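# Residue-level structural notes
Here are the chains, one letter per residue:
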Amino acid sequence: MKTPARFFFTRLCAVLMVAVFAVLTTQTPSVVAAEKQYKFLVVSHMGANDSNSKWFDLSLSDFEKRFPNVKTEYISTSEYSTQKYIQLIEQAVATKPDGIAVAITDAPALEGAINKAIDAGIPVVAFNT
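Report follows, based on the coordinates. (Residues numbered from 1 in each chain as written. Predicted model: local features only at pLDDT ≥ 70, side-chain atom pairs only at ≥ 80, totals over all residues. Heavy atoms only, no water.)

The periodicity of an α-helix, 3.6 residues per turn, causes residues three or four places apart in sequence to face the same way. Under the 1.5 Å per step criterion, the end-to-end length of helix α5 (residues 107–119) is 17 Å for 13 residues, consistent within 8% with the ideal 18 Å. At A113, α5 shows its maximal kink, close to 30 degrees. Taken together, the buried positions of α5 are occupied by L110, A113, I114 and A117. Buried residues in α5 make contact with α4 (82–94), β3 (99–103) and β4 (124–127). Remark: G121 follows α5 within two positions and exhibits a positive phi of approximately 80 degrees. (Helix = DSSP H or I, 4+ residues; strand = E, 2+ residues; numbered from the N terminus. Expected span 1.5 Å × (residues − 1). Bend = angle between axes of the 7 residues up to and from the residue. Buried < 20%, exposed > 50% of the residue type's maximum accessible area, 1.4 Å probe, protein only. Contact = heavy atoms within 4.5 Å.)

Printed below as a string of C-alpha cells:
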C-alpha cells in the first residue's frame, strides 16, 4: 500500500510530466532539438507553513533531476484566501511560464484566472481537485 506522501509524490510527478509533454508536443522539432529550457510554475493554496509543503519541495526537486531542462517553481500564499489565490494565479500567468499546475480549491472562483492562462496559450494542469 502506498503511503500518503508516496501517493502524493507520484501524482505530482504525473501532473508535471503531463504538462511537460503538452509543451513539448506543441514545439517545433528544431526548438526541442536545441534543448530549450522550460519553466513550469506549481501554484498552490498551501503555504510553507503547511506540513504537506515538504512533499512539494521533495517532488519538485526529484522532478528537476529527472528533467534537467525543466525548471519548476512552487509558489503559494502564506495564508489562504480565495482572492489571494486568484491573484497568485494571475501573477503566475503574467510571468508567461511554459506551463502551470494549479490546485483547484474552488473551481467556479478560479475559472477566470485559469482561463486567462489558457487564453494566453499557457498549458494548465489541475491537481488536488
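So, next bit.
Overall, the coordinates contain five salt bridges when judged by the stated rule. Put simply, E73 and K39 hold a salt bridge, and the shortest N to O gap is 3.8 Å. Taken together, the residues E73 in strand β2 (residues 70–76) and K39 in strand β1 (residues 38–44) connect sequence positions 34 residues apart. According to the relative accessible area criterion, E73 is partly exposed, its value standing at 36%. (Salt bridge = Lys/Arg side-chain N within 4 Å of Asp/Glu carboxyl O.)

Let's shift gears to α4. The end-to-end C-alpha distance of α4, which contains 13 residues, comes to 18 Å, matching closely the 18 Å that a straight helix rising 1.5 Å per residue would cover. For α4, the full list of buried residues reads Y85, I86, L88, I89, A92 and V93. Buried residues along α4 cover an arc of 160 degrees about the axis, so they all sit on one side. Structural note: α4 exposes Q91 and A94 on the side pointing more than 90 degrees away from its buried face. Considering only its buried residues, α4 is in contact with β1, β2, β3 and α5. Remark: K96 follows α4 within two positions and exhibits a positive phi of approximately 55 degrees. (Arc of directions from axis to C-beta.)

A separate point is the sheet that holds β1. One open sheet holds the four strands; their spatial order is β2-β1-β3-β4, and the pairing between them is parallel. Each edge of the open sheet is held by one strand with a lone partner, namely β2 and β4. Ignoring which end each strand starts from, the neighbouring axes of this sheet average 20 degrees apart. As judged from the four bridges shared by β1 and β3, these two strands associate in the parallel manner. Note on β3: the bridge partner recorded for V43 is V102. Contacts between α4 and the sheet are confined to β1, β2 and β3, with β1 contributing the most and set at about 175 degrees to the helix. (Pairing = 2+ DSSP bridges. Axes fitted to C-alpha atoms, helices over the stretch in contact; angles between N-to-C directions.)

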